[in-house]
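Here is how the chains run, residue by residue.
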Amino acid sequence: MNMKMYTKFFVLALALSIGVASCKKDNNDAIPIDEDAAFALWIQVGSWPNTNYYVLNVEDLTQGAAKLQGNGIDVTTKLNNSVITKDGFYYFYNSAEGRFGKYTLENGAVKVIKEVPLSHLASLAGHTWVNNSTLVMIGNNASGNGVNAVVVNTDDLSLTTGAISGLPELVTNYTKYLVGGDIQYKDGKLFFSVNMQNTSNYQVYPRLYTMAVSYPALSVTKISTDDRSVGVGNTSGYFATSFVDGNGDMYFMTSWNLVWNDNGTRAPKGIYRIKKGEDELDKSYYINVLQETGKEAAAGTFMDLGNGKAILKLQETEGYENEKYGYTIIDLETGKEVRKLTEITSGESGERNIYVENGKAYIAVLTGEGTDYIWVYDSATDKVSKGLSIQGGYNSFSRIDKLK
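All values reported here derive from a predicted model rather than from experimental measurement.

Chemist: Even after reading the chapter, I still don't get the overall build of the protein, so can you show me in this structure?
Modeler: Broken down by element type, the protein carries 2 helices and 31 strands. In terms of overall dimensions, the protein is globule-like: its C-alpha atoms have a radius of gyration of 20 Å, near the 22 Å expected for 404 residues. Expressed as lengths along the three principal axes of its C-alpha atoms, the size of the protein is roughly 65 × 45 × 40 Å. The burial tally for the protein puts 57% of its 404 residues in the buried class. Partitioning the intrachain contacts of the protein with sequence separation of at least 6 by distance along the chain shows that 55% fall at a separation of at least 24. A total of about 16300 Å² of accessible surface is found on the protein, and carbon and sulfur atoms cover 45% of it.

Written as structure tokens, this is what we have:
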């Protein structure tokens, strides 16, 4: 993939639209910030890289109305929507400034709990939780020829740094590893994938390498390969493309259309599985999303609904110019599409515009018509309803987080 196209795709995935919207507080129509809100909706104003990030606190995603004016927390100077969240805290790696921190949102502002120096990762490529207070993050080393790891004790923000040993040997002319956000902790081990990139033409070697990695030793114990797709998921924090379901099986999506052949063709976006108790890819399992659904998977959202189902975000059109998205339900066991959620208005979105809990998916959709909505899909009843309305006209709804 050439850098221009890669950058263009990242910008489209991150900003999803162009233009700058004004977002000044209106003192005549102010709404008090709800400090007891249950959810946080992240809203982007402006086009990347000149983007401002706001958090809108809301009590209920299923009803009512909200707007950013008078009710939004500007988090731009401290955070962006690549944050990691757990139990009401935000964790953020600022690679440009070499800093990792723990934060909360209080009294209408970002409160710093603690910040510590960190420059071990060129960027945050993936994260997973080993337990409630142990966070593991991975990313390339500075030269890209290795994958580093950071283990965080989130109670006191103490860090242990290391490198993943035993990676597959780089193929001739492919000098850099690409590591994505699809890292999970399963059966006492870490699981993630890499591709190998030829940095002179941004083409990847046509093979996916998926590894079981011992923890805490951080050494590769098993490598399995597959030639049906490449892509290794997305930068963790921004996106959600992997999970371990209630049965203990790991599912992940390769969601970048990387150039993988000399003729310039791009790899399909596919879904893989590693079963509970296994260290290798399930060779009998693969979903080619375009073939199964008739639509190309959007780069970034594949989430567990529970009860053997998952929700997947789809592009309305193929390629890099797509700006409209739809949603479909996948049966995880069979790998078949259950149905598209055609009741939801086709619209723009952000990277992680879905929140899932108790078999329900809450989906923030930009319509471009001044009033937008959270749509609610209940997998138990297979029904879609219109929830919270949001007034304003913004560039992106980046993520939805539960605060408590």
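Picking up after the structure, the text goes on.
Chemist: Looking at this model, I keep getting lost on the sheet that holds strand E3 (residues 65–67). Mind explaining?
Modeler: What links the strands of a sheet is backbone hydrogen bonding, and the strands pair in either a parallel or an antiparallel sense. Across the sheet, 5 strands lie side by side as E3-E30-E29-E28-E27; this open sheet has mixed pairing. Since the sheet does not close on itself, it has two edges, and those belong to E3 and strand E27 (354–357), each with one partner. Across the sheet, the mean angle separating the axes of adjacent strands is 25° when strand polarity is ignored. Examined bridge by bridge, strand E28 (residues 360–365) and strand E29 (residues 371–378) share 6 bridges and lie antiparallel to one another.

Chemist: Whenever I open this one, the sheet that holds strand E9 (residues 126–131) confuses me. Can you help?
Modeler: Spatial strand order, E9-E10-E11-E12: 4 strands in an open sheet with antiparallel pairing. Single-partner strands in this sheet number two, and they are E9 and strand E12 (158–163). Neighbour to neighbour, the strand axes of the sheet diverge by 20° on average, direction disregarded. The pairing of strand E11 (residues 147–153) with E12 spans 6 bridges and is antiparallel. Residue pairing across strands places Val-150 opposite Thr-161, the latter belonging to E12.

Chemist: Explain unusual backbone geometry to me, please; I cannot follow it from the model alone.
Modeler: Glycine aside, a negative phi is what most residues show, and trans is what most peptide bonds show. The omega angle of the peptide bond from Tyr-215 to Pro-216 is 10°, so this bond is cis rather than trans. Relative to the helices and strands, Pro-216 resides in the loop between strand E17 (208–214) and strand E18 (220–226). A positive phi angle, near 65°, is found at Leu-218, a position not held by glycine. Structurally, Leu-218 can be placed in the loop between E17 and E18. You will see that Asn-307, though not glycine, has its phi angle at about 55°, which is positive. Mapped onto the fold, Asn-307 is located in the loop between strand E23 (297–306) and strand E24 (309–315).

Chemist: Help me understand the pairing of E24, please; the structure alone is not making it clear to me.
Modeler: Each regular strand carries side chains that alternate between the two faces of the sheet. With 6 of 7 residues buried, E24 is to be regarded as a mostly interior element. Pairing of E23 with E24 involves 5 bridges; the strand directions are antiparallel. Each residue of the ladder has a partner; that of Asp-304, found in E24, is Ala-310. Bridge count between E24 and strand E25 (residues 325–331): 7 bridges; the pairing is antiparallel. By the bridge assignment for E25, Leu-314 is matched with Gly-326.

Chemist: Quick question: what am I supposed to make of the pattern of salt bridges here?
Modeler: A side chain with one charge may pair with a side chain of the opposite charge, provided their charged atoms come close. Under the counting rule described, the total for this entry stands at 20 salt bridges. The partner of Asp-227 in a salt bridge is Arg-207, and the shortest N-O contact between them spans 2.8 Å. Remark: Arg-207 occurs in the loop between strand E16 (203–204) and E17 and Asp-227 occurs in the loop between E18 and strand E19 (242–244); sequence separation between them is 20 residues. Residue class for Asp-227 comes out partly exposed when judged on its relative accessible area of 41%. Linking Asp-382 and Arg-339 is a salt bridge whose minimum nitrogen-to-oxygen distance equals 2.9 Å. One end of the pair, Asp-382, is in the loop between E29 and strand E30 (383–391); the other, Arg-339, is in strand E26 (residues 336–340), and 43 residues separate them in sequence.

Chemist: Is there a simple way to think about the packing of aromatic side chains in this case?
Modeler: Given two aromatic rings, one states the distance between the centres and the angle between the planes to describe the pair. Scanning all chains against the criterion turns up 15 aromatic pairs. On the basis of an interplanar angle of 45° and a centroid distance of 5.1 Å, the ring pair of Phe-243 and Phe-302 is categorised as tilted. Note that Phe-243 is positioned in strand E19 and Phe-302 in strand E23, a separation of 59 residues in sequence. Here Phe-243 matches Phe-302 in class, with each residue buried. Taken together, Phe-243, Tyr-251, Tyr-285 and Phe-302 form an aromatic cluster joined through their ring pairs.

Chemist: What should I look at first to understand the confidence of the model for the protein in this one?
Modeler: Keep in mind that low pLDDT regions are not for reading the predicted coordinates in detail. Averaged over the protein, the pLDDT score is 89; the fraction of residues at 70 or greater is 91%. Predicted confidence is poor over residues 1–33, with pLDDT under 50, and the contacts of this stretch with residues over four places away or in other chains come to 79 contacts.

Chemist: Would you take a moment to explain the pairing of strand E1 (residues 39–45) for this structure?
Modeler: Counted residue by residue, E1 has 7 buried out of 7 residues, so it is predominantly covered. Alternating residues of E1 divide into Phe-39, Leu-41, Ile-43 and Val-45 and Ala-40, Trp-42 and Gln-44, and every residue in both groups is buried. Of the strand pairs in this sheet, E1 and strand E31 (residues 396–402) are connected by 6 bridges, and their pairing is antiparallel. Bridged to Leu-41 within E31 is Ile-400. Counting the residues between successive antiparallel strands, the hairpin from E1 to strand E2 (residues 52–58) contains 6 residues, one of them, Gly-46, with a positive phi of roughly 95°.

Chemist: What's the story with the environment of Asp-372 in this structure? I'm lost.
Modeler: Considering the arrangement of structural elements, one finds Asp-372 in strand E29. Under the relative-accessibility criterion, Asp-372 is labelled buried at 1%. When the C-alpha atoms of Asp-372 and Glu-292 are compared, they prove to be 30 Å apart, with 80 residues separating the residues in sequence. Apart from the residues within four sequence positions on either side, Asp-372 is in contact with Val-365, Leu-366, Thr-367, Leu-388, Ser-389, Ile-390, Gly-393 and Phe-397.

What counts as what
- Residues numbered from 1 in each chain as written.
- Predicted model: local features only at pLDDT ≥ 70, side-chain atom pairs only at ≥ 80, totals over all residues.
- Heavy atoms only, no water.
- Helix = DSSP H or I, 4+ residues; strand = E, 2+ residues; numbered from the N terminus.
- Rg over C-alpha atoms; globule rule 2.2 N^0.38 Å.
- Buried < 20%, exposed > 50% of the residue type's maximum accessible area, 1.4 Å probe, protein only.
- Contact = heavy atoms within 4.5 Å.
- Areas by Shrake-Rupley, 256 points an atom, 1.4 Å probe, with all protein chains shown as cover.
- Pairing = 2+ DSSP bridges.
- Axes fitted to C-alpha atoms, helices over the stretch in contact; angles between N-to-C directions.
- Salt bridge = Lys/Arg side-chain N within 4 Å of Asp/Glu carboxyl O.
- Phe/Tyr/Trp six-rings, centres within 6.5 Å; stacked < 30°, edge-to-face > 60°.
- pLDDT = per-residue confidence, 0-100.

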